[in-house]
Amino acid sequence: MTLPELLERASSLADARGGRAVIGIVGAPGSGKTTLAEALVRELNAVWEAPEESSFAHVPMDGFHLSDAELTRLGLLDRKGAPETFDAYGYAALLARLRIERGHVVYAPGFERVLEQPIAGTVPVFPAAETVITEGNYLLLDRPGWREVRQQCTEVWYCQQDDALRIKRLTERHLRFGKTPETAEAWVREVDERNAELIRATRDRADLVVDLESIAAE
Ligand SMILES: Nc1ncnc2c1ncn2[C@@H]1O[C@H](COP(=O)(O)OP(=O)(O)OP(=O)(O)O)[C@@H](O)[C@H]1O
Ligand SMILES: [Mg+2]
């Protein structure tokens, strides 16, 4: 799949009956999901002048991280990023709302990377948006809550990325957001890569596998 082919496919999924299509992008930590979603939305919305007119909206799963206070209550703070550290049912419910509510702005939460906390009311989805591109780690997980998320997606695309490159970029990003080299490496090894394993096992459930190395080379 080339980038133009992906743009074509994304455009073709719009719901002719007036609801919204939801395209899910999934992949291991650091595989390039957010970068791909942003590139698609930028290209697809290039014809519109104002964000309020845009026909594609980007809604990250990241906004459904549980807060540190709640993770502490659950004893899960050191597993942040694992499936059980997200509000999967809340995410599925928002996607369900996005599919049908087009008469007003629908707000999605965002994730603040310096604070590492979710923040409500961060991502406005305007009535003009016909398609939502949502991206995150666990869209294809066969577990309660995540199954409901998959049910709300029209299609789910899996980002395939070289593991060495992915781990290098992931470590660099941890450093950029304030982790020491030792903490960054340990976090990648003990948390990110355990999650990567889970995600890789869901690849066969995807509607499409996107080879990000070939797209980057275009
Ligand atoms: N084509 C590219 N060229 C250079 N750097 C890239 C490219 N694609 C992604 N990156 C970098 O790799 C890192 C991971 O990319 P990105 O944030 O898109 O991945 P992700 O799958 O959304 O990660 P996460 O699972 O942590 O949310 C980022 O720092 C990003 O800037
Ligand atoms: Mg991301």
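Along each chain, residues carry numbers from 1 onward, in the same order as the chain's sequence is written. For naming, the first written chain is A and the first written ligand is 1, with later ones following in the order written. This being a predicted model, a pLDDT of at least 70 is required before a residue's local features are given, and a value of 80 or more before pairs of side-chain atoms are given or counted; all residues contribute to the totals for chains, interfaces and linings. Hydrogens and waters are ignored; side-chain quantities use all the structure's heavy atoms.

This paragraph deals with the sheet that holds strand S2 (residues 56-60). Overall, parallel pairing links the five strands, which are arranged S2-S5-S1-S6-S7 in an open sheet. Each edge of the open sheet is held by one strand with a lone partner, namely S2 and strand S7 (208-211). Neighbour-to-neighbour, the strand axes of this sheet turn through a mean angle of 25°, independent of strand direction. Sheet topology note: the strand S1 (residues 21-26)/strand S5 (residues 131-136) ladder contains six bridges and is parallel. Bridged to Ile23 within S5 is Ile133. Think of it this way: DSSP has to see at least two bridges between two strands before they count as a pair. Strands here mean DSSP runs of E at least two residues long; helices mean DSSP runs of H or I at least four residues long; both are numbered from the N terminus. Think of each axis as a best-fit line through the C-alpha atoms, taken over the contacting stretch in the case of a helix, with angles from 0 to 180 degrees between the N-to-C directions.

Only buried residues count toward a nonpolar core. Its members are Ala, Val, Leu, Ile, Met, Phe, Trp, Tyr and Cys residues joined through side-chain atoms within 4.5 Å. Exposure is judged per residue with a 1.4 Å probe applied to protein chains only, and the accessible area is read against the type maximum: over 50% gives exposed, under 20% gives buried, and values in between give partly exposed. Counting residues in hydrophobic clusters, the biggest one holds 30 residues, and the most contacted among them are Val59, Tyr91, Leu98 and Trp146. Those elements giving two or more residues to this core turn out to be S1, S2, helix H4 (88-100), strand S3 (106-112), strand S4 (117-125), helix H5 (146-151) and strand S6 (155-160). When residues of this core are assigned to their parent elements, the largest contribution, six residues, is made by H4. Filtering out sequence-adjacent residues up to four positions away, Val59 remains in contact with Leu94, Leu98, Ala108, Val123, Val125, Val132, Ile133, Thr134 and Glu135. Counting residues in each nonpolar core, the second largest holds 21 residues, with Leu6, Val41, Leu44 and Cys159 among its members. Note on contacts: a residue pair qualifies if any of its non-hydrogen atoms lie within 4.5 Å across the two residues.

Moving on: the site of ligand 1. Near is defined per residue: the residue qualifies when any heavy atom it owns lies within 4 Å of the molecule or strand. Looking at ligand 1, there are 13 residues lining it, with Gly32, Lys33, Thr34, Thr35 and Arg173 nearest. The separation between an oxygen atom of ligand 1 and a polar main-chain atom of Gly30 is 3.0 Å. Contacts to ligand 1 include Lys33, whose side-chain N or O atom sits 2.7 Å from an oxygen atom. Listed by contribution, the elements that provide at least two residues to the shell around ligand 1 are helix H2 (33-44) and helix H6 (163-176). When residue character is reported, Ala, Val, Leu, Ile, Met, Phe, Trp, Tyr, Cys and Pro are called nonpolar, Asp, Glu, Lys and Arg charged, and the others, Gly included, polar. Among the residues making up the shell around ligand 1, the classes are represented as two nonpolar, six polar and five charged. Here a polar contact is taken to be a pair of N or O atoms separated by no more than 3.5 Å, where protein atoms must pair a possible hydrogen donor with a possible acceptor and residues adjacent in sequence count only if both atoms sit in side chains.

A few words on the pattern of salt bridges. Criterion for a salt bridge: a side-chain nitrogen of Lys or Arg within 4 Å of a carboxyl oxygen of Asp or Glu. Scanning the model with the defined rule gives 16 salt bridges in all. When the shortest N-O distance is used, the salt bridge between Glu84 and Arg79 registers 2.4 Å. We classify Glu84 as partly exposed; its relative accessible area is 32%. Since its relative accessible area comes to 34%, Arg79 is described here as partly exposed. With a shortest N-O distance of 3.4 Å, Arg189 and Glu190 are connected by a salt bridge.

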